[in-house]
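Structural features, examined
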Amino acid sequence: MVATSKAELLQADAELFCHTFAYLKSMALNSAVKLGIPHALHRCGGAASLPELLSAVPLHPSKRPYLGRLMKMLAAAGIFTAEDVPAGGDGARTTVFHLNAVSRLLVDGSSCMSPCVLLGTTDLFVSASLRLHQWLLSEEEGATTGSPFMMAHGGSLYGVGSRDPEFNALFNGAMGATSEFVAALAVRECSEVFAGITSLVDVAGGNGTTARTIAEAFPGVKCSVLDLPHVIQGISPDGTVDVVSGDMMEFVPPADAVLLKYVLHNWSDQDCVKILTRCRQAISHVAKAGKVIIIDTVVGSPTPQILEGQLTMDLSMMMLFNGKARDEQNWHKMFMEAGFSHYKIHNVLGMRSLIEVHP
Ligand SMILES: C[S@@+](CC[C@H](N)C(=O)[O-])C[C@H]1O[C@@H](n2cnc3c(N)ncnc32)[C@H](O)[C@@H]1O
Ligand SMILES: COc1cc(-c2oc3cc(O)cc(O)c3c(=O)c2O)cc(OC)c1OC
């Protein structure tokens with residue numbers, strides 16, 4: 001047995017304490033977004049002392065003494081940056097809180113990820129995560145026990161979305177927010193992937209944000225979105241993209257290219273092969289010139305932070321859908337089973353990758 005020094009033991013104790021209460025970090029972030037703290041800092045020019053911040057966020061007067069503690073914890077977690085500065089000439093000091101690279105993502109700009117934070121920390125997801133052990137102990141897999149989410153809520157996430165307009169809006173808004181961020185990156189970093197395409201269908205394309213970004217970046221590409229009726233109903237037509245209401249398991253409209261962004265990680269390997277086969281049929285009229293474009297996780301990135309992000313995505317897919325984030329070997333096997341001949345992975349989107357798949 002390896003001996004643990006006193007210093008290591010105390011370090012481990014502090015680490016375990018932080019892991020145990022890590023959900024408080026998520027909930028403090030949730031509160032900061034709901035209170036509008038990132039936007040308040042932005043309005044103050046990107047940084048504010050506590051008194052300045054207190055005059056910019058709507059706390060109950062009796063709760064003003066608590067804000068500093070929330071901000072210090074979020075700064076320790078790396079979500080804001082705390083700077084200790086002199087306050088007057090008497091040696092007194094005060095803390096100034098700054099937006100940093102992480103919290104700038106929560107402020108409106110070209111994209112704002114605050115809706116993702118609110119979705120990820122919603123009570124429907126948190127209560128589902130508390131069922132993880134129960135799901136792992138259970139043998140049965142059916143309509144109500146297929147994932148921890150199903151166990152907690154008696155139906156699939158998309159079933160709940162079709163019955164609960166508030167959750168539907170939260171989910172589609174958050175997916176739209178990641179789309180603004182990811183689609184803008186994809187068209188910038190992988191523009192060659194879209195060259196020569198005249199039509200593209202975004203399968204399970206949510207509220208159409210990605211398709212609109214592609215249509216605006218490549219006006220020669222006629223873009224359409226396929227999704228379930230309750231999602232398509234929420235799209236206001238603006239003439240940029242066509243919308244199609246339907247079930248991708250049954251039919252995918254023909255196009256030169258089919259996009260599957262953050263779709264396959266919701267599904268089992270068997271369902272993915274079925275979806276990919278439908279997509280291959282949809283591009284078959286252009287023979288070898290057609291392609292399927294996938295934006296999804298390819299687990300196995302070089303940095304520890306990105307790998308942790310990918311593995312967190314994997315666990316969240318297990319919790320929500322009994323889905324998974326796949327490594328290259330998993331992807332390769334599914335592509336071959338769905339009748340494709342080759343593929344190319346572009347690792348230029350951080351936690352995600354863009355994969356071109358060819359018949
Ligand atoms: C994780 S979201 C991704 C949405 C979008 N591609 C994006 O990246 O923002 C998965 C989408 O699959 C859609 N979906 C689920 N089952 C579907 C089906 N059978 N046919 C079509 N769309 C489906 C959902 O409504 C949802 O919009
Ligand atoms: C919460 O459920 C999902 C979240 C995401 C998702 O969430 C993010 C949250 C962030 O704070 C920053 C991010 O960059 C992201 C994402 O990139 C991101 O994708 C995605 C999901 O499925 C695609 C979620 O599950 C439904």
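Residues numbered from 1 in each chain as written. Chains lettered and ligands numbered in written order. Predicted model: local features only at pLDDT ≥ 70, side-chain atom pairs only at ≥ 80, totals over all residues. Heavy atoms only, no water.

An unreviewed UniProt entry lists the chain under the name O-methyltransferase domain-containing protein, with Triticum aestivum as the source organism.

Side note on the site of ligand 1
Around ligand 1 sit 18 residues in total, of which Tyr 158, Ala 204, Asp 227, Asp 247 and Lys 261 are the nearest. Asp 247 is positioned such that a nitrogen or oxygen atom in its side chain is 2.9 Å from a nitrogen atom of ligand 1. When ligand 1 sits alone it has 590 Å² of accessible area, and the protein chains cover 96% of it. Counting residues per element, the shell around ligand 1 draws most heavily on helix α12 (residues 165-189), at three residues. (Near = heavy atom within 4 Å. Polar contact = N/O pair within 3.5 Å; in protein donor to acceptor, adjacent residues only side chain to side chain. Areas by Shrake-Rupley, 256 points an atom, 1.4 Å probe, with all protein chains shown as cover. Helix = DSSP H or I, 4+ residues; strand = E, 2+ residues; numbered from the N terminus.)

Digging into the sheet that holds strand β5 (residues 222-227)
Taken together, the seven strands give an open sheet; going across it, the order is β6-β5-β4-β7-β8-β12-β11, and neighbouring strands pair in mixed fashion. The sheet terminates laterally at β6 (242-245) and β11 (342-349), the two strands that pair on one side only. When strand polarity is set aside, the average angle formed by the axes of neighbouring strands in this sheet is 20 degrees. Lying over the sheet, helix α17 (residues 328-337) contacts β8 (291-296), β11 and β12 (352-358), oriented at roughly 145 degrees with respect to β11. (Pairing = 2+ DSSP bridges. Axes fitted to C-alpha atoms, helices over the stretch in contact; angles between N-to-C directions. Contact = heavy atoms within 4.5 Å.)

Let's talk about the pattern of salt bridges
A complete count under the given rule lists seven salt bridges for this structure. The salt bridge partner of Arg 188 is Glu 189, with a shortest N-O separation of 3.9 Å. Judged by its relative accessible area of 59%, Arg 188 falls in the exposed class. A salt bridge links Glu 356 to Lys 291, with the nearest nitrogen and oxygen atoms 2.9 Å apart. Taken together, the residues span a long stretch of sequence, with Glu 356 in strand β12 and Lys 291 in strand β8 at a distance of 65 residues. Each member of the pair, Glu 356 as well as Lys 291, carries the same accessibility label: buried. (Salt bridge = Lys/Arg side-chain N within 4 Å of Asp/Glu carboxyl O. Buried < 20%, exposed > 50% of the residue type's maximum accessible area, 1.4 Å probe, protein only.)

What to know about the UniProt feature "domain: O-methyltransferase dimerisation" (unreviewed entry) in the chain
What UniProt calls "domain: O-methyltransferase dimerisation" (unreviewed entry) maps, in this numbering, to residues 18-107. A distance of 27 Å separates the end C-alpha atoms of residues 18-107, which is 48% helix and 19% strand. (UniProt positions renumbered as here; feature names shortened; annotations may be inferred.)

A look at helix α5 (residues 67-76)
Where α5 is concerned, the buried positions are Leu 67, Gly 68, Met 71, Leu 74 and Ala 75. Buried residues of α5, seen end-on, are gathered within an arc of 130 degrees and therefore sit on one face of the element. Exposed side of α5, more than 90 degrees from the buried face: Arg 69, Lys 72 and Ala 76 are the residues found there. Here the buried face of α5 lies against α2 (22-35), α3 (37-43), α4 (50-54), β2 (80-86) and β3 (93-99). (Arc of directions from axis to C-beta.)

Section: the side chain of Arg 212
Assignment of secondary structure puts Arg 212 in helix α13 (residues 209-217). It is Asp 238 that comes nearest to the buried, bridge-free Arg 212 among opposite-charge side chains, at 4.0 Å. When neighbours within four sequence positions are excluded, Arg 212 is seen to be in contact with Asn 207, Ile 235, Asp 238, Thr 240 and Val 241. (Lys, Arg positive; Asp, Glu negative; His and termini not counted.)

Focus: the site of ligand 2
Every one of the 15 residues lining ligand 2 counts as a neighbour, but Met 113, Cys 116, Phe 171, Tyr 262 and Arg 352 are closest to it. Tyr 262 places a side-chain nitrogen or oxygen 3.4 Å from an oxygen atom of ligand 2. Here Arg 352 contributes a side-chain N or O atom positioned 2.8 Å from an oxygen atom of ligand 2. Computed on the free molecule, ligand 2 has an accessible area of 530 Å², of which 81% lies beneath the protein chains in the complex. Secondary structure elements with two or more residues in the shell around ligand 2: α7 (114-120), α12 and α16 (304-321).

Digging into the packing of aromatic side chains
The tally for this structure, following the rule as stated, stands at eleven aromatic pairs. Ring plane angle 25 degrees and centroid distance 5.1 Å describe the contact between Phe 194 and Phe 218, whose orientation is recorded as stacked. Placement of the pair is Phe 194 in the loop between α12 and β4 (199-203) and Phe 218 in the loop between α13 and β5, with a sequence separation of 24 residues. Given the relative accessible area of 3%, Phe 194 is considered buried. Aromatic pair Trp 331 and Phe 335: ring centres 5.8 Å apart, planes at 25 degrees, arrangement stacked. (Phe/Tyr/Trp six-rings, centres within 6.5 Å; stacked < 30°, edge-to-face > 60°.)

Some remarks on the environment of Tyr 343
Following the sequence through the fold, Tyr 343 ends up in strand β11. Taking the C-alpha atoms as reference points, Tyr 343 and Ile 355, twelve residues apart in sequence, are found 6.7 Å from one another. Each residue touching Tyr 343, except ones within four places of it in the same chain, is listed here: Glu 328, His 332, Phe 335, Met 336, Ile 355, Glu 356 and Val 357. A distance of 2.6 Å separates polar atoms of two side chains, one belonging to Tyr 343 and the other to Glu 328.

Some remarks on the sheet that holds β3
The three strands lie next to each other as β1-β3-β2, forming an open sheet whose pairing is antiparallel. The sheet is open, and its two edges are formed by β1 (47-49) and β2, each paired on a single side. The average angle at which neighbouring strand axes cross in this sheet is 30 degrees, direction not considered. Examined bridge by bridge, β2 and β3 share seven bridges and lie antiparallel to one another. Within the sheet, the bridge partner assigned to Phe 80 lies in β3 and is Leu 99. α5 rests against β2 and β3 of the sheet, and its axis sits at about 115 degrees to β2.

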